[in-house]
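Listed below, chain by chain, are the residues.
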Amino acid sequence: RVRSNGMGPALLVDSLNLFVRSFSCYPAMNVDGEQMGGVVGFVKTLSRLCNEIKPSRIYVAWEGGGSAKRRVADYRHRHPSKPATPRWMLKSQSA
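Now for a quick tour of the structure. (Residues numbered from 1 in each chain as written. Predicted model: local features only at pLDDT ≥ 70, side-chain atom pairs only at ≥ 80, totals over all residues. Heavy atoms only, no water.)

Thoughts on the pattern of salt bridges
Reasoning step 1: Within this structure, the stated rule accounts for 1 salt bridge.
Reasoning step 2: Measuring nitrogen to oxygen at the nearest pair gives 3.2 Å for the salt bridge that ties Glu52 to Arg48. With Glu52 and Arg48 both in helix α2 (residues 37-53) and 4 residues apart, this pair spans about one turn of that helix.
Reasoning step 3: When its relative accessible area of 48% is taken as the criterion, Glu52 is described as partly exposed.
Reasoning step 4: Since its relative accessible area comes to 42%, Arg48 is described here as partly exposed. (Salt bridge = Lys/Arg side-chain N within 4 Å of Asp/Glu carboxyl O. Helix = DSSP H or I, 4+ residues; strand = E, 2+ residues; numbered from the N terminus. Buried < 20%, exposed > 50% of the residue type's maximum accessible area, 1.4 Å probe, protein only.)

What follows is the structure, encoded as structure tokens:
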């Protein structure tokens, strides 16, 4: 699939979409029991697409920060008054 300009096709990846789909579909876990399906599925899918399409260029796009209006509206949701305790801290305290 080489084009007249001598380059193959480009692959444009909607990374957040691919990561979220992979997170919910792949049951992969690390040794600590944490979900790794998003990462595993993202890499496997990207690898499969590269093998099938054989792109000459790959563009990976992640979601931006959103509009200022939305950031203000979601401030309370994204910045709770009391931060959550990381999972690794909870495990070490119970041991």
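Here's the deal with the packing of aromatic side chains
Reasoning step 1: All told, the structure shown has 2 aromatic pairs when counted by the stated rule.
Reasoning step 2: Ring geometry for Phe42 and Trp62: centres 6.1 Å apart, planes at 20 degrees, overall stacked. Here Trp62 lies in the loop between β2 (57-61) and α3 (68-73) and Phe42 lies in helix α2, a separation of 20 residues in the sequence.
Reasoning step 3: Judged by its relative accessible area of 14%, Phe42 is buried. (Phe/Tyr/Trp six-rings, centres within 6.5 Å; stacked < 30°, edge-to-face > 60°.)

Details of the nonpolar core
The nonpolar side chains of soluble globular proteins are, as a tendency, buried together.
Reasoning step 1: In terms of nonpolar packing, the biggest core is built from 5 residues, these being Leu11, Val13, Leu18, Phe42 and Leu46.
Reasoning step 2: When contributions to this core are tallied by element, the ones reaching two or more residues are β1 (10-14) and α2. (Core = buried A, V, L, I, M, F, W, Y, C linked by side-chain atoms within 4.5 Å.)

Topic: the side chain of Thr45
Reasoning step 1: Of note, Thr45 is situated in helix α2.
Reasoning step 2: Polar side-chain contacts of Thr45 include one of 2.8 Å to the backbone oxygen of Gly41.
Reasoning step 3: Residues in contact with Thr45, not counting those within four places in the same chain, are Leu18, Ser22 and Tyr26. (Polar contact = N/O pair within 3.5 Å; in protein donor to acceptor, adjacent residues only side chain to side chain. Contact = heavy atoms within 4.5 Å.)

A closer look at the environment of Ala28
Reasoning step 1: Tracing the backbone through its elements, the reader meets Ala28 in the loop between α1 (15-25) and α2.
Reasoning step 2: What Ala28 contacts, discounting residues up to four positions off in sequence, is Glu34, Gln35, Met36, Gly37 and Val40.

What about the pairing of β1?
Reasoning step 1: Along β1, the buried face is formed by Leu11 and Val13; none of Ala10, Leu12 and Asp14, which line the opposite face, is buried.
Reasoning step 2: Relative to β2, β1 runs parallel, the two being bridged by 5 bridges. Looking at β2, one finds that Ala10 is bridged to Arg57. (Pairing = 2+ DSSP bridges.)

Describing α1
Since the α-helix advances by 3.6 residues per turn, residues separated by three or four positions end up pointing in the same direction.
Reasoning step 1: Buried within α1 we find Ser15, Leu18 and Ser22. Considered in projection along α1, the buried side chains sweep an arc of 65 degrees and stay on one side of the axis. Residues Arg21 and Ser24 are exposed on α1 and point more than 90 degrees away from its buried face.
Reasoning step 2: Contact partners of the buried residues in α1: β1, α2 and β2. (Arc of directions from axis to C-beta.)

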